[in-house]
Amino acid sequence: MSLDIDQIALHQLVKRDENQLELVLRDTLLPATQAVEEMAEELHRVYSAKSKAYGLFNEESELADALRNCRKGQDDFLAFSRAATGRLRDELSKYPFADGGIVLFLHYRYLAVEYLLVAVLNSQSSMRVNEQLDISSTHYLDINHADIVARIDLTEWETNPESTRYLTFLRGRVGRKVADFFMDFLGASVGLDTKAQNRGLLQAVDDYCAESNLDKNERQNYRQQVYSYCNDQLQAGEEIALEDLSTELPPLGDKTFQAFTQEQGYELEEHFPADRSTLRQLTKFAGSGGGLTLNFDAMLLGERIFWDPATDTLTIKGTPPNLRDQLQRRTGSK
């Protein structure tokens, strides 16, 4: 992994009681030892693999102003990180779920792109066995489950300030409030809506097929081609490129898929990240609620599965063998 650490600062927020978060600030930057480099690479790998939301700085963002001053050499990285940790403490203290953690500021380069990653990491306890086969307790940073993380693409931010996607962040496992306080700390607002872009793509595919009067099987085959391309991009860690997708798809009628989307005004970006859950709708129907969970291939609709919109009823012909066995045993039927 070609990850080069420029600077890394580490501080801590310690929860003393229900209403107080105490700052513990380092006086020096963290030296880039082998252990630190391995930690940075793991954090980069884990973060890159997670689904992220996109944002951009607000005009009044204090963090953005401080970062600009740091980039101009008016303030050093350690002072920037110490002041930012104080602001993070102030924002976090507004919420009842406020907890402590290790606050990390990682300035690094990866594949010719410069990043600043900010994370609040939790420490976990575990057990270890030493060379004498004695058991003792140990603490470790729970990087795999980190959910308070944001990353600024410094290269994009400084070369394309009108971008709506130079800042990414995780929404967090404990609900929207995590994103709220972190966005307030960053002084940022939501930018590119990845799910909306993917939903727009799906709608464009359905409309394109409908305009060409494709039958059911032809439509589903076309959706499958779209899904195959998008899934390949997702697996490779690449974004959906509208022009490339259009090139791979056979044109329907006298216009390409890309020309159709531009003509109809779907407002799709030329490149945008793939959203796994949204793209799955190209090939499957899925939903849950009220104690019921359903998931089936789209091709089964109208063949083995029938929906009556008037009564909102699904009729399933031919149940899976394992389900049928459970039903027979529960009802006593054969």
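Here the residue numbers are simple positions, counted from 1 along each chain's written sequence. With pLDDT at 70 or above as the cut-off, local features in this predicted model cover only qualifying residues; side-chain atom pairs require 80 or more to be listed or tallied, and sums for whole chains, interfaces and linings still use all residues. Water and hydrogen atoms play no part in the side-chain values, which are based on all heavy atoms of the structure.

Side note on the overall build of the protein
Heads up, the condition is: Only DSSP runs of H or I reaching four residues or more are called helices, and only runs of E reaching two or more are called strands; each is numbered from the N terminus. Our radius of gyration is a C-alpha quantity, and the globule rule it is checked against amounts to 2.2 Å times the number of residues to the power 0.38. Think of it in three bands: residues with accessible area under 20% of the maximum for their type are buried, residues over 50% are exposed, and the middle band is partly exposed, with areas taken using a 1.4 Å probe on protein chains only. We call two residues in contact when some of their heavy atoms are within 4.5 Å.
Counting its secondary structure elements, the protein contains 11 helices and 16 strands. The C-alpha atoms of the protein give 25 Å as radius of gyration, which overshoots the globular expectation for 334 residues (20 Å, by more than 25%). Its C-alpha atoms give the protein principal-axis dimensions of roughly 70 × 60 × 40 Å. A total of 334 residues make up the protein; the buried ones form 38% of that total. Taking as baseline every contact in the protein between residues at least 6 positions apart, the subset at least 24 positions apart corresponds to 66%.

Points about the domain arrangement of the protein
The criterion, for reference: Residue ranges for the domains trace back to a domain assignment, done automatically or taken from a database. What counts as buried area is the accessible surface, traced by a 1.4 Å probe, that two parts surrender upon association, with contributions from both included. What makes a salt bridge here is a side-chain nitrogen of Lys or Arg within 4 Å of a carboxyl oxygen of Asp or Glu, nothing more. Polar contact criterion, stated in full: a pair of N or O atoms within 3.5 Å, where within protein one must be able to donate a hydrogen and the other to accept it, and residues adjacent in sequence count only if both atoms are side-chain atoms. Polarity classes work like this: nonpolar for Ala, Val, Leu, Ile, Met, Phe, Trp, Tyr, Cys and Pro, charged for Asp, Glu, Lys and Arg, and polar for all others, with Gly in that last group.
For the protein, the assigned domains read domain 1 (4-191), domain 2 (194-282) and domain 3 (284-331). Computed from C-alpha atoms alone, the centre-to-centre distance between domain 2 and domain 3 is 27 Å. Taken together, the six residues of domain 2 in the interface contact six residues of domain 3. Here domain 2 packs against domain 3, burying approximately 480 Å² in sum over the two surfaces, 51% of which is carbon and sulfur. Broken down residue by residue, the surface that domain 2 buries against domain 3 is led by Lys 216, Gln 220 and Arg 280, which jointly contribute 73%. At the boundary of domain 2 and domain 3, one finds one salt bridge. The partner of Glu 303 in a salt bridge is Lys 216, with the nearest N and O atoms 3.6 Å apart. For the pair domain 2 and domain 3, the number of links is three residue pairs in polar contact (both at pLDDT 80 or more). When grouped by side-chain class, the residues that make up the side of domain 2 that touches domain 3 number one nonpolar, three polar and two charged.

Considerations on the sheet that holds strand S2 (residues 20-25)
Stated formally: At least two DSSP bridges between two strands are required for those strands to pair. Axis definition: a line fitted to C-alpha atoms, limited for helices to the stretch in contact. Angles are taken between N-to-C directions and run from 0 to 180 degrees.
On the basis of which strands lie adjacent, the open sheet formed by eight strands has the order S2-S1-S4-S5-S8-S9-S3-S10 and antiparallel pairing. Two strands lie at the open edges of the sheet, namely S2 and strand S10 (188-190), each paired on one side alone. Mean inter-strand twist for the sheet, computed between neighbouring axes without regard to direction, equals 25°. Both strand S5 (residues 113-121) and strand S8 (residues 148-153) contribute to a ladder of six bridges, which runs antiparallel. What sits directly across from Leu 116, in S8, is Ile 152. The strands that helix H1 (residues 34-49) touches are strand S1 (3-17), strand S4 (101-110), S5, S8 and strand S9 (167-169); relative to S1, the one it contacts most, it runs at about 85°. In the packing of helix H3 (residues 77-92) onto the sheet, contacts are made with S1, S2, S4 and S5, and the angle to S1 comes to roughly 35°.

Considerations on the pattern of salt bridges
On inspection of all chains with the given rule, the structure shows 17 salt bridges. With its nearest N and O atoms 4.0 Å apart, the salt bridge here joins Glu 62 to Arg 87. Taken together, the residues span a long stretch of sequence, with Glu 62 in helix H2 (residues 62-71) and Arg 87 in helix H3 at a distance of 25 residues. Taking the relative accessible area as the measure of exposure, Glu 62 reaches 53% and is therefore exposed.

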